[in-house]
Amino acid sequence: MTLTQEAPGNTTTNKITTTTSTTTTNDDFTVRFSLTIQENYNFHLSDPTSEIYNKYKTDIENAVEGNSDRIPGYKLNSTRVIGFRPGSIIADFSLQLSNPSINFLNASDGIINYLKGKDYEFDDNPFAEIENANLRESSGPLFPGENLVLKCSGNITEWQFNGQRIFGVAEVLILINITPDKNGVYGCVSTKSSVPFIQWENVDSIQPYPNIQASPDTLFQCEDGQNVTLLCCSSSDYETEMVKVDDINMTLQEEGFDRCTYSYIIQNCVDSSGKVVFDCKLKNSKLEKFEYSSKRITLTFERKGFDCSDETFGAGNQGDQAKGSCEVDEVGSVTAVCQGTEWKITKDTCVLRVIQQLENDSQDLTLKTLPTFMATLSNITTTQERKITNSTGNIESIVNTLNNTANFTRNSPPITVEMMEDFLNASAIIVSNSTISAWYRLNNGKTTRNVSSTFLGAVEVMVKSLPKDASFKTGKSIIQLCQSVNLTFNETLEADQFAAISIPEEGNFTVTTVAFSTGYIFLPARNSSGYNSTLYNSINAAVVLVQVNGTTSNISLSFDLINETLGNLQCVFWNFELFNGLGGWDSFGCELISHINNTVTCKCNHTTSFSILMSPYIPPTLKLLLDFITYIGVGISLLSLIISLIIEAIVWKSITRNDTSYMRHVCVVNVAVSLLIADIWFIIGAAVSDSEETSVGACTAATFFIHFFYLALFFWMLVSALLLFYRTVMVLSQMPRSTMLAIAFTLGYGAPLIIAVVTVAATAGSGGYIREKQVCWLNWKKTKALLAFVIPALAIIAMNFVLMIVVLFKMMRRRVGDTTQNTDKHALVVIARCVTILTPLFGLTWGFGISIMVWPGSEGLQIVFAVLNSLQGFFILVFGTLLDSKMRLALVERLQKPSSDSSGTRDTHFGISTSSVFDFFKGIRRRNMYHISGSAITLGYGTSGTYSVTDSNINV
């Protein structure tokens, strides 16, 4: 066998393995050859520190040394394994000889027999002479669409690409219209001294497609002096330039250039429409013949008014659709629709350029590039996490990349644990808690509903590619992978959400599990009962993927529930075939074994991805009834509040002549206004939540205003209670009206504003402000943001009760000196009056709300809470306005004599009552046990029973 020769004193780099050969002395020659071993390639052979690498290296070097006596002129201990490469397993190694023309065939049989004795397998003629040659006729980069010309000398028997035979036996091989996937190792095979002679070259200079990113065609409102910014950019391998093709009216004057953006000023607007045409093109003139070398941009200018107009999307009228550019480091586009006077974004396909390049590279993977690619994927997703987590385009692109990678491993050798760790690192980024909003949009998008199922499928395929001969654990806190080789399997998974798996059967099992603690974020809750079942179902435990390398029909799974208030337990697995391949949860083959405290145990007779599916205790029929009650009640509430405000406006002058009466009605009006605006935002929030694609921004705004105005309602009720306390307990104290107003408005609106702003600032950034599934109300499961409403509301209710007890105690003490026979009876009646009016209103609604949290299965509580909560405005009208006899009298007089002056002094009795209750109260007054002058006491308004007392001088 004749081997290649290197000139003495030279150092040559092996382009296949990037290993540098040794330098010889003047008396020795370094020769190189390859040995093909008939085994599946192992990725650990690319790691010189791995056990298998060093085993193969030692065996091959010992085999040569052991047969060195058959190699005349061989220098002892000079054999060096350079590296291993795919193609079965190809070992490249070198040795030193004193004469390069010595035939090596005499030693080859001995080397093969030695290695066969160590269980290596070989085909006939496994040795080949190799030579790193310059096969390309030209140097420099190659571009897509060009021709690759390779030339080889000798009697060519075949051409190879990455070790695989390709068509052609001529000395010149021409590949036309090359693409980036044609980078790789090319070799020509001939015969020399009766053995194969391979001349090879690693071609890695074929450039990727430029992927030009240019501004879309846009219509602009022509206004002299307006700025226009255009985008013209490409990948880092190319340079671009913007060339103006047509501008008859000289409409645009270039102002400057920064990176990929070009700035222009509009000038010379004319009455008729005009057009300006640009080409965003590559600077390399040799590429002009290719279509990918440029993109045309056509701008249209019209001198007229439009409903919507801005620099990003241009001009348009109601319902028009327009496209805008992504950021400089992104590819894709943004689509918007003109609504009102603004462009509303409806679709965002922008993807970071580096993420898109990863997706492109994942389509051309090889065994050699896979380990490096996986490490690059992990590093890029980690460094770009902030830009990835809220971007549907980036998440979808990464899922495609992971899926391409997993599909490649279907036919590859088993992957390494390090490669799986890289895969899980990238996966953890796209299923973190910060991605909840992006996954909601993906799972509800018309073309992206299968992304979550694709991701889960990619993980399952990747797990199958792991070697099954070792036990190990790896992963992140939200994704934990565990593999165990045992006769039985009983394992607790260490994800954020508890899960445990047991296989009671005995056998030679290799069990691999992956636990997702955030499975409820990226997987929809739809199940086999229907696609829209996601509206009332929830994933209420970790999602656990189970694969068994063996046969089993009995798997026990235990889960800790995320939310204990849900019911209707189902043990389910992810069925990729449901809903025409979109995937969904299915309970076939799984059954519920136990539900003890917060732990659920299931048994299934197959392996796949499992979890617990639950739904609220409210069944769909009851939910429909509650929705009906709520919307009808809110309608009545809105009408009642409007009537109440109108009545207040009509009689305002006649009923606000003293400070106490004035402040009492200020409280009533602000309570009504707060509830009115809160109800309006409630309707807006409900409409946003029910829309097909919920806008996170709109839902966040609705939640903020609902939170703020409901808090304002409670704080104004607190102001009313403080007013009652002040006028009853501190009788001799007099505070200016301006001071009372300042305190009232600071407390009524200032405190709610601070609480609402702090809540949104603390939780919105992590995606924990609004509820899951984009329900427009404060989040509970993730950040407990709902406490920012519950705690202030309950605190105010408690304070009002305390204040009321103090007020009643003071009233009772003032009658102790009265020796009339009806003293005790009068005290009881006064207390009864307060309790009778205040109790149904003071905290009753939210008392039922808290009861529902304790007993979520009570349908009666659900209905009562819905009725009381939706009729708050009606309660304000009745108890704050209509049951006030003075207001009724003033309203009657105002309507009968709308032009009369009502400034005269009137007797301040309650007037004629149509209610037996008020006849009873009027009888109590006639006993002169408790005389009130000024304006009447009005106790209780609003659903939480807040109260106020008008100006009164109490004489005992």
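Residues numbered from 1 in each chain as written. Predicted model: local features only at pLDDT ≥ 70, side-chain atom pairs only at ≥ 80, totals over all residues. Heavy atoms only, no water.

S.K.: So what's going on with helix 9 (residues 451-464)? Which residues, and what values?
M.R.: For helix 9, which comprises 14 residues, the first-to-last C-alpha distance of 20 Å matches the rise-based estimate of 20 Å (1.5 Å per residue) to within 8%. Judged by how many residues are buried, helix 9 sits mostly within the fold: 12 of 14 residues are covered. Of all the positions in helix 9, only Val-451, Ser-452, Ser-453, Phe-455, Leu-456, Gly-457, Ala-458, Val-459, Glu-460, Val-461, Met-462 and Val-463 are classed as buried. (Helix = DSSP H or I, 4+ residues; strand = E, 2+ residues; numbered from the N terminus. Expected span 1.5 Å × (residues − 1). Buried < 20%, exposed > 50% of the residue type's maximum accessible area, 1.4 Å probe, protein only.)

S.K.: I'd love a proper account of the sheet that holds strand 3 (residues 29-37), names of residues and values included.
M.R.: The strands that make up a sheet are held in pairs by hydrogen bonds between backbone atoms, and each pair lies either parallel or antiparallel. Taken together, eight strands build an open sheet; the order of strands is 4-5-3-6-12-11-8-9 and the sheet is mixed. For this open sheet the edge positions go to strand 4 (80-86) and strand 9 (164-166), each flanked by a neighbour on one side alone. Direction aside, neighbouring strands of the sheet carry axes that sit 35° apart on average. Sheet topology note: the strand 8 (residues 158-161)/strand 11 (residues 184-192) ladder contains four bridges and is antiparallel. (Pairing = 2+ DSSP bridges. Axes fitted to C-alpha atoms, helices over the stretch in contact; angles between N-to-C directions.)

S.K.: Could you give an account of the packing of helix 6 (residues 392-409) against helix 7 (residues 417-430), with specific residues and numbers?
M.R.: Where helix 6 contacts helix 7, the axes come no closer than 10 Å and their chain directions differ by 155°. In terms of orientation, helix 6 and helix 7 fall into the roughly antiparallel class. Seen from above, helix 6 lies across helix 7 with left-handed handedness. Where helix 6 approaches helix 7, its residues Ile-395, Ile-398, Val-399 and Leu-402 are matched on the opposing element by Phe-423, Ala-426, Ser-427 and Ile-430. Taken together, the residues that form the contact of helix 6 with helix 7 break down as seven nonpolar, one polar and no charged. (Parallel < 35°, antiparallel > 145°, perpendicular 65-115°, else oblique. Left-handed = near helix turned anticlockwise from the far one by under 90°. Contact = heavy atoms within 4.5 Å. Nonpolar A, V, L, I, M, F, W, Y, C, P; charged D, E, K, R; others polar.)

S.K.: Pulling in residues and values, what's your account of the pairing of strand 18 (residues 261-266)?
M.R.: Only one face of strand 18 is buried, namely the one carrying Tyr-262, Tyr-264 and Ile-266, since none of Thr-261, Ser-263 and Ile-265 on the opposite face is buried. In terms of strand pairing, strand 15 (residues 227-233) meets strand 18 through five bridges, oriented antiparallel. Opposite Thr-229, over in strand 18, you have Ser-263 as the bridge partner. Of the pairings in the sheet, the one linking strand 17 (residues 252-258) to strand 18 comprises six bridges and is antiparallel in character. Note that in strand 18 the partner of Glu-254 across the bridge is Tyr-264. The turn joining strand 17 and strand 18, which pair antiparallel and follow one another in sequence, is formed by two residues; a positive phi near 55° is taken by Arg-259.

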